[in-house]
Amino acid sequence: MPWNKRDYPNSMKNLDEDVRAKAIEIANALLDDGYDDGKAIPIAIDRAKMAVGKE
């Protein structure tokens, strides 16, 4: 299921808005590539933090 800025996994609720937006974008791309939710979400969060410079 693709996510958006209103509907996203609970694990993204405490992220800054800019990090969450990037994580949603990355997670959706990972889902398109065949990843399941359980793997896409943590990967997306880590990559988003690095991309936005919040890590």
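What this report covers is the structure whose coordinates are included nearby.

About the criteria used
- Residues numbered from 1 in each chain as written.
- Predicted model: local features only at pLDDT ≥ 70, side-chain atom pairs only at ≥ 80, totals over all residues.
- Heavy atoms only, no water.
- Helix = DSSP H or I, 4+ residues; strand = E, 2+ residues; numbered from the N terminus.
- Rg over C-alpha atoms; globule rule 2.2 N^0.38 Å.
- Buried < 20%, exposed > 50% of the residue type's maximum accessible area, 1.4 Å probe, protein only.
- Contact = heavy atoms within 4.5 Å.
- Lys, Arg positive; Asp, Glu negative; His and termini not counted.
- Charge placed at Lys NZ, Arg CZ, Asp CG, Glu CD.
- Core = buried A, V, L, I, M, F, W, Y, C linked by side-chain atoms within 4.5 Å.
- Salt bridge = Lys/Arg side-chain N within 4 Å of Asp/Glu carboxyl O.

### Looking at the overall build of the protein
Right, so step 1: Across its full length, the protein holds two helices and zero strands.
Right, so step 2: Relative to the 2.2 N^0.38 estimate, which gives 10 Å for 55 residues, the radius of gyration of the protein is 10 Å and therefore close to what a compact globule would have.
Right, so step 3: Taken along the three principal axes of its C-alpha coordinates, the protein extends 25 × 20 × 15 Å.
Right, so step 4: Within the protein, buried positions represent 33% of all 55 residues.
Right, so step 5: The long-range share in the protein, meaning contacts at least 24 apart out of those at least 6 apart in sequence, stands at 47%.
Right, so step 6: Charged side chains in the protein number 9 positive and 11 negative. The centres of these two groups are separated by 4 Å.

### A look at the nonpolar core
Right, so step 1: Within the largest apolar cluster, 15 residues are counted, with the highest numbers of intra-cluster contacts made by W3, M12, L15, A23 and I45.
Right, so step 2: Where this core is concerned, the elements lending two or more residues are α1 (17–32) and α2 (37–52).
Right, so step 3: The biggest single contributor to this core is α1, with seven residues.
Right, so step 4: I45 has contacts with S11, M12, L15 and A23, leaving out every residue within four places of it along the chain.

### Some remarks on the pattern of salt bridges
Right, so step 1: Counting across every chain of the model gives one salt bridge.
Right, so step 2: One salt bridge in this structure joins E25 and K22, with 3.5 Å as the shortest N-O distance. Separated by three residues within a single helix, E25 and K22 lie in helix α1, roughly one turn from each other.
Right, so step 3: On the basis of relative accessible area, K22 is assigned to the partly exposed category, the value being 28%.

### Quick look at the environment of A29
Right, so step 1: With respect to the secondary-structure elements, A29 resides in helix α1.
Right, so step 2: Judged by relative accessible area, A29 falls into the partly exposed class, the value being 39%.
Right, so step 3: In this structure, the C-alpha to C-alpha distance between A29 and A40, residues 11 residues apart in sequence, is 8.8 Å.

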